[in-house]
Amino acid sequence: MDRILKGIMKYRKCHREGMVKQFQQVKDHPEPKAVFFTCMDSRMIPTRFTETNIGDMFVDGITEFTFSVRNPGNVIPHSHHFVDEFTMCEAAALELGCVVNDIRHIIVCGHSDCKAMNLLYALRDKEFASQVNRRMSPLRAWLYAHASSSLTKFQHLEITGFREPILFQGEMSLRKFVAYIDPEDKFAIEDKLSQINTLQQLQNISSYGFLKKRLERHDLHIHALWFDIYTGDIYYFSRANKRFIEINETTEPLLLKEIKKYYS
């Protein structure tokens, strides 16, 4: 708290005035462009690596730039988990961002060395998984309930040595997309799971009925990013290339061209 209080004092002296001016500029006409789902890991600072400002993004849990939801493992539970009045903030955030605020883009951003994904990988071991009752661990219960589909896909792919592609449900019932996970074998085994989990969330998002019509009209678009925290590189999942592509000076114009073609 000592550091927090000192930080607040620095903000008051150096940044508050400018920030208030920004808030005043967007208070009546905020135009957030995306709903941004990412992990709550302290190393994930999406406003920094996307260079976004106040009012640009809508972030559940941050409310700074897009609309961003942060939780362990950047997980969006599948719609079948929600019955009657029982729901969670992720679905509410989708409705607030995409229905109430008419946002047209949803971005899911995973990352390397994700502690939630590292734990999920460890939970594939039945002996380890049974050591602690899930009722005593909210984190394990969360992962069991909402990330087991990612682990199942990972285990099927692991059998092939990650040489085969994996299939995900797309935005509509008849649309699917193919993904090769780390074909160059650059990343740790847990990071491969993290990439699968990131793509699984695109499938989960598509399961929500209140988004169906907008997805069918191509009025709402879902994207996947993946951040390597140790190199600072950011990857975009390219449906044309069927894999995560590093965003750099060479690939950026090609990715923009693909995005405009795919989402037109």
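Residues numbered from 1 in each chain as written. Predicted model: local features only at pLDDT ≥ 70, side-chain atom pairs only at ≥ 80, totals over all residues. Heavy atoms only, no water.

Per an unreviewed UniProt entry, the recorded name for the chain is Carbonic anhydrase, and the organism is Mycetomoellerius zeteki. The Catalytic activity (unreviewed entry) comment attached to the chain in UniProt states, word for word, "hydrogencarbonate + H(+) = CO2 + H2O". Quoted straight from UniProt, the Function (unreviewed entry) entry for the chain says "Reversible hydration of carbon dioxide." (UniProt positions renumbered as here; feature names shortened; annotations may be inferred.)

Student: What is the right way to look at the UniProt feature "binding site: Zn(2+)" (unreviewed entry) in the chain in this model?
Tutor: Listed under "binding site: Zn(2+)" (unreviewed entry) in the UniProt record, and renumbered for this structure, are Cys39, Asp41, His111 and Cys114. In terms of the greatest pairwise C-alpha distance, the residues named above, spread along 76 residues, form a tight cluster of at most 9.2 Å across. Along the polypeptide, cysteine 39 turns up in strand E1 (residues 34–39). Relative accessible area serves as the criterion here: at 5%, cysteine 39 is assigned to the buried category. Apart from residues lying up to four places away in sequence, cysteine 39 is in contact with Met44, Arg70, Asn71, Pro72, Gly73, Asn74, Cys109, His111 and Cys114. (Helix = DSSP H or I, 4+ residues; strand = E, 2+ residues; numbered from the N terminus. Buried < 20%, exposed > 50% of the residue type's maximum accessible area, 1.4 Å probe, protein only. Contact = heavy atoms within 4.5 Å.)

Student: Explain the side chain of asparagine 74 here, please?
Tutor: With respect to the element layout, asparagine 74 can be found in the loop between strand E2 (67–71) and helix H4 (89–100). You can call asparagine 74 buried: its relative accessible area is 3%.

Student: I'm lost on the packing of helix H8 (residues 148–159) against helix H9 (residues 189–205) in this one. Help?
Tutor: Axis separation between H8 and H9 bottoms out at 9 Å; the angle between their running directions is 125°. The pairing of H8 with H9 is recorded here as oblique in orientation. Considering the relative orientation of H8 and H9, their crossing is right-handed. Together, Ser149, Ser150, Leu151, Lys153, Phe154, Leu157 and Glu158 of H8 and Ile189, Lys192, Leu193, Ile196, Asn197, Gln200, Gln201 and Gln203 of H9 make up the contact between the two elements. In terms of residue class, the contact of H8 with H9 is built from six nonpolar, six polar and three charged. (Axes fitted to C-alpha atoms, helices over the stretch in contact; angles between N-to-C directions. Parallel < 35°, antiparallel > 145°, perpendicular 65-115°, else oblique. Left-handed = near helix turned anticlockwise from the far one by under 90°. Nonpolar A, V, L, I, M, F, W, Y, C, P; charged D, E, K, R; others polar.)

Student: Explain the environment of alanine 240 here, please?
Tutor: Among the structural elements, alanine 240 can be located in the loop between strand E7 (234–238) and strand E8 (243–246). Among the residues examined, alanine 240 registers a relative accessible area of 55% and is labelled exposed. In this structure the C-alpha to C-alpha distance between alanine 240 and tyrosine 262, which are 22 residues apart in sequence, comes to 8.8 Å.

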